[in-house]
Amino acid sequence: MNIPVTWLYVPGDRPERFDKAAASGADVVIIDLEDAVVPARKDEARANAAAYLARRTGSAEVHVRINDLASGRGRDDLAALGGLAGLDAVRLPKVESAGVLDGLPVKAYALLESAAGIVAAHTIAAHPGVVGVALGEQDLAAELSITDESAMNHLRLQVVLAAAAAGLPPVPMSVYPDVQDEAGLAASCRAGRAIGLFGRTAIHPRQIPVIRRAFSPTREETDRATEIVQAAEEAERAGAGAVALPDGRFVDAPIVARARRTLALAERLAPEDFS
Ligand SMILES: CC(C)(COP(=O)(O)OP(=O)(O)OC[C@H]1O[C@@H](n2cnc3c(N)ncnc32)[C@H](O)[C@@H]1OP(=O)(O)O)[C@@H](O)C(=O)NCCC(=O)NCCSC(=O)C[C@H](O)C(=O)O
Ligand SMILES: [Mg+2]
């Protein structure tokens, strides 16, 4: 299966938006039962999510962000989700230790959004029930009073490492809260991509094409990758494992593997730009 690039949150108490979310082009739709839903509307949101899972259509995966399992509400959410049929995975907020994941009846994405969660990132990522990890940067920034990107990058890199060491997919970026600032979103995605993050959760459908484009290899990257792959193939035919490009840069197996990944991603995300 292709690793998702775009993930779109939709509040559980806005069921009239579920089909719009599924038609947005997002790879994954996340119905939120947690922070986007006030306590008085949790039951209604659970019922909406269960009804949608029973009738879901389209190619996007459907995940539900349940409430924190430590709060008690999270177990009520799981019980309400109709035997979990139609649910591809749950998104667990505010995970702070691997123990809360024991015995979960469905695949889980763990959100690390507190100091305790970041410190425990390696054990959480290694839990057999976990299929992915992500940061909750709004909660993290609030807890730690972080306003500086380089400080946040330090936390992001810890999660990038924990996911890679556990054999999980690359970590998608947390939400970009200004839905009108598309240039800022694109720049932020490019910066995240440069430190090993891949894909992003969105809060509005208009963010989906911006994210997709930002994670697509550029023409310069695909040209470079093509040059590397061609040089490697020629070298292999000549019986050489390593080769230098005309500009003097050395190419060996990991560089070729990365170039092939770049070309595969370009074909997947922007085939119209790639020929
Ligand atoms: C951010 C919003 C509250 C904005 O809503 P609104 O002002 O009503 O949007 P628009 O008027 O621009 O809507 C235009 C059309 O787009 C549809 N729409 C908007 N948002 C969505 C959506 N998320 N999914 C599907 N469709 C959507 C509207 O229906 C309009 O359609 P039409 O009428 O046909 O033109 C709102 O976008 C929103 O609620 N977003 C999701 C918020 C949410 O779920 N937040 C939780 C995740 S945030 C998080 O995880 C933080 C994390 O925990 C951390 O700690 O970091
Ligand atoms: Mg949060």
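Residues numbered from 1 in each chain as written. Chains lettered and ligands numbered in written order. Predicted model: local features only at pLDDT ≥ 70, side-chain atom pairs only at ≥ 80, totals over all residues. Heavy atoms only, no water.

### With respect to the sheet that holds strand β3 (residues 61-65)
Convention followed: For two strands to be treated as a pair, DSSP must find no fewer than two bridges joining them. Going along the chain from the N terminus, every DSSP run of H or I of four or more residues is numbered as a helix, and every run of E of two or more is numbered as a strand. To get an axis, fit a line to the C-alpha atoms, keeping to the stretch in contact for a helix; angles then go from 0 to 180 degrees between the N-to-C directions. The contact definition used throughout considers only heavy atoms, calling two residues in contact when any of these lie within 4.5 Å.
Across the sheet, which stays open at both edges, the seven strands sit in the order β6-β5-β4-β3-β2-β1-β7 with parallel pairing between neighbours. Each edge of the open sheet is held by one strand with a lone partner, namely β6 (130-135) and β7 (200-202). Taking the axes of each pair of neighbouring strands and ignoring which way they run, one obtains an average angle of 25° across the sheet. Pairing analysis gives five bridges linking strand β2 (residues 28-32) to β3, with the strands arranged parallel. Each residue of the ladder has a partner; that of Ile 31, found in β3, is Val 64. Its contacts with the sheet place helix α7 (residues 149-165) against β5 (108-112) and β6, and it is angled at close to 170° to β6.

### Section: the coordination of the magnesium ion (ligand 2)
The line we're drawing: Listed donors are limited to N, O and S atoms within 2.8 Å of the metal, widened to 3.2 Å for Na, K and Ca; water is not among them, so incomplete-looking sites are possible. A simple rule labels every residue: compare its accessible area, found with a 1.4 Å probe on the protein chains alone, to the largest value its type can have, and call it buried under 20%, exposed over 50%, or partly exposed in between.
Distances from the magnesium ion (ligand 2) to its protein donors, Glu 113 (OE) and Asp 139 (OD), fall at 2.0 to 2.2 Å. In this pair, Glu 113 sits in the loop between β5 and α4 (115-119) while Asp 139 sits in helix α6 (residues 137-144), placing the two residues 26 residues apart along the sequence. The exposure class of Glu 113 is buried, given its relative accessible area of 5%.

### Things to note about helix α2 (residues 42-55)
For an α-helix, 3.6 residues make a turn, and residues three or four places apart therefore share a direction. For the record, the criterion: Expected span of a helix: the number of residues minus one, times 1.5 Å.
Compared with an ideal rise of 1.5 Å per residue, which puts 14 residues at 20 Å, α2 spans 20 Å between its outermost C-alpha atoms and is within 8% of the ideal. Buried residues along α2 sit in contact with α1 (18-22), β2, β3 and α3 (73-80).

### A word on unusual backbone geometry
Backbone geometry places Lys 94, a non-glycine residue, at a positive phi of 55°. By the element assignment, Lys 94 lies in the loop between β4 (89-92) and β5. When its relative accessible area of 25% is taken as the criterion, Lys 94 is described as partly exposed. Located in the positive-phi region is Ser 145, a residue other than glycine, with phi close to 55°. With respect to the helices and strands, Ser 145 occurs in the loop between α6 and α7.

### Examining the UniProt feature "domain: HpcH/HpaI aldolase/citrate lyase" (unreviewed entry) in the chain
Note the following rule: UniProt positions are given in the numbering used here, feature names are shortened, and annotations may be inferred rather than shown by experiment.
Within this numbering scheme, the UniProt entry marks residues 7-98 and 110-205 as carrying the feature "domain: HpcH/HpaI aldolase/citrate lyase" (unreviewed entry). This span, residues 110-205, is 49% helix and 12% strand, and a straight line between its end C-alpha atoms measures 23 Å.

### Quick look at the packing of α2 against α3
This is how it is decided: Throughout, a crossing is termed right-handed when the near helix is turned clockwise from the far one, and left-handed when it is turned anticlockwise from it by less than a right angle. Polarity classes work like this: nonpolar for Ala, Val, Leu, Ile, Met, Phe, Trp, Tyr, Cys and Pro, charged for Asp, Glu, Lys and Arg, and polar for all others, with Gly in that last group.
Relative orientation of the contacting elements α2 and α3 amounts to 35°, with a least axis distance of 9 Å. Crossing handedness for the pair α2 and α3: right-handed. Contacts between α2 and α3 involve Lys 42, Arg 46 and Ala 50 on the former and, on the latter, Arg 73, Asp 76, Asp 77 and Ala 80. Across the contact of α2 with α3, the residue classes tally to two nonpolar, no polar and five charged.

### Things to note about the packing of aromatic side chains
Condition: Planes of paired rings set the category: under 30 degrees apart is stacked, over 60 is edge-to-face and the rest tilted, where pairs are Phe, Tyr or Trp rings (Trp by its six-membered ring) whose centres lie within 6.5 Å. Distance and angle both matter: a charge sits over a ring if NZ of Lys or CZ of Arg is within 6 Å of the ring centre and within 35 degrees of the ring normal.
Under the counting rule described, the total for this entry stands at three aromatic pairs. Between Trp 7 and Tyr 109, the aromatic rings sit 5.3 Å apart at their centres with planes inclined by 80°, giving edge-to-face as the arrangement. You can see Trp 7 sitting in strand β1 (residues 6-11) and its partner Tyr 109 sitting in strand β5, a full 102 residues away along the chain. Ring geometry for Phe 18 versus Tyr 52: centroids 5.4 Å apart, planes at 75°, classification edge-to-face. One end of the pair, Phe 18, is in helix α1; the other, Tyr 52, is in helix α2, and 34 residues separate them in sequence. Given a relative accessible area of 2%, Tyr 52 falls into the buried group. Across the ring face of Trp 7, the terminal group of Arg 91 is positioned such that the distance to the ring centre comes to 5.5 Å.

### Structural notes on the site of ligand 1
Definition in use: A single heavy atom is enough: if one lies within 4 Å of a molecule or strand, its residue is considered near that molecule or strand. Polar contacts here mean pairs of N or O atoms no more than 3.5 Å apart (in protein, one a potential hydrogen donor and the other a potential acceptor; neighbouring residues in sequence count only if both atoms are side-chain atoms). The protein chains shown are the only cover counted for residues, whose accessible areas, like all others here, come from Shrake-Rupley with a 1.4 Å probe.
Contacts to ligand 1 come from 19 residues, most closely from Arg 17, Arg 65, Gln 138, Ile 203 and His 204. For ligand 1, an oxygen atom lies 3.1 Å from a polar atom in the side chain of Lys 20. Here an oxygen atom of ligand 1 sits 2.8 Å away from a polar atom, N or O, in the side chain of His 204. Here ligand 1 has 1,100 Å² of accessible area as a free molecule, and 64% of this is covered by the chains. For the shell around ligand 1, the secondary-structure elements that each account for two or more residues are β1, α1 and α6. Per-element tally for the shell around ligand 1: the top contributor is β1, with four residues. Here the shell around ligand 1 is composed, by residue class, of eight nonpolar, four polar and seven charged.

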